Amino acid sequence: MGNRLSKIYTRTGDDGTTGLGDGTRVAKDSARVASYGTVDELNSVIGVVLAQEIPDSVRETLTQVQHDLFDLGGELCIPGMAMIHAADVDRLETTLDGFNADLPALKDFILPGGGAAAAHCQVARTVCRRAEREVVALARTETVRAEAIRYLNRLSDLLFVIARVIARASSHGEVLWQHERRKKS
């Protein structure tokens, strides 16, 4: 960080605009600001997961993800910047495969729940999906590197698997969707 923030408010955004990392001023509701804003929201939700009792392997993974998301937010805030790379996506895939290897195969849909930490992880998954949709929407009108979209797509899958890991590690277990409940006898 080049300059330290000694004053938090600047009043420059009072007109409904904000500054991108390259100094360009854009509307606060622009697709680019929405994209990196939702990535920031996702990072905060992951922070809530990290505030819970979770397995050390999950804590280590999610802490790395938070750093990646800060990088991704920077990439989205500075047009033309490249901070997320194919190796980051590969790392997510390897981690996902590792966590998933010890889980039983899915036969039913899982409802968000399974204790506070698992439920918060499911919220993180849905925020991640929204961030992905917003980055895809941004890519329709502006240049966005494919790695950013791939990273979010893989991360939402990883968050789903981590929610399963957390739920199974807790005393709550996974909450399965009871699709049979609507069938008449």
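Whatever comes next refers back to the structure up there.
These figures come from a predicted structure and were not determined experimentally.

About the criteria used
- Residues numbered from 1 in each chain as written.
- Predicted model: local features only at pLDDT ≥ 70, side-chain atom pairs only at ≥ 80, totals over all residues.
- Heavy atoms only, no water.
- Helix = DSSP H or I, 4+ residues; strand = E, 2+ residues; numbered from the N terminus.
- Expected span 1.5 Å × (residues − 1).
- Buried < 20%, exposed > 50% of the residue type's maximum accessible area, 1.4 Å probe, protein only.
- Contact = heavy atoms within 4.5 Å.
- Salt bridge = Lys/Arg side-chain N within 4 Å of Asp/Glu carboxyl O.

K.L.:
Sorry if this is basic, but what is going on with helix α4 (residues 116–141) here?
P.N.:
Along an α-helix, residues three or four positions apart point the same way, because every turn accommodates 3.6 residues. Across its 26 residues, α4 extends 38 Å between first and last C-alpha, which sits within 8% of the 38 Å expected from 1.5 Å per residue. Turning to α4, its buried residues number three or more, namely A117, A118, C121, Q122, A124, V127, C128, A131, E132, V135 and L138. Those residues of α4 that are buried lie in contact with α1 (31–50), α2 (56–77) and α5 (146–169).

K.L.:
Help me out: how do you make sense of the pattern of salt bridges in this one?
P.N.:
Oppositely charged side chains are able to pair whenever their charged atoms sit close together. For the structure shown, the criterion picks out 11 salt bridges. For R154, the salt bridge identified is with E93, shortest N-O distance 2.7 Å. Here R154, found in helix α5, pairs with E93, found in helix α3 (residues 86–101); they are 61 residues apart in sequence, far enough to count as distant. E132 is the salt-bridge partner of R129, the closest N and O atoms lying 3.1 Å from each other. Of the two residues, R129 and E132 both sit in helix α4, three residues apart, roughly one turn of that helix. Classification of R129 by relative accessible area gives partly exposed; the value is 29%. In the salt-bridge network here, residues are joined through shared partners; they are D68, D88 and R91.

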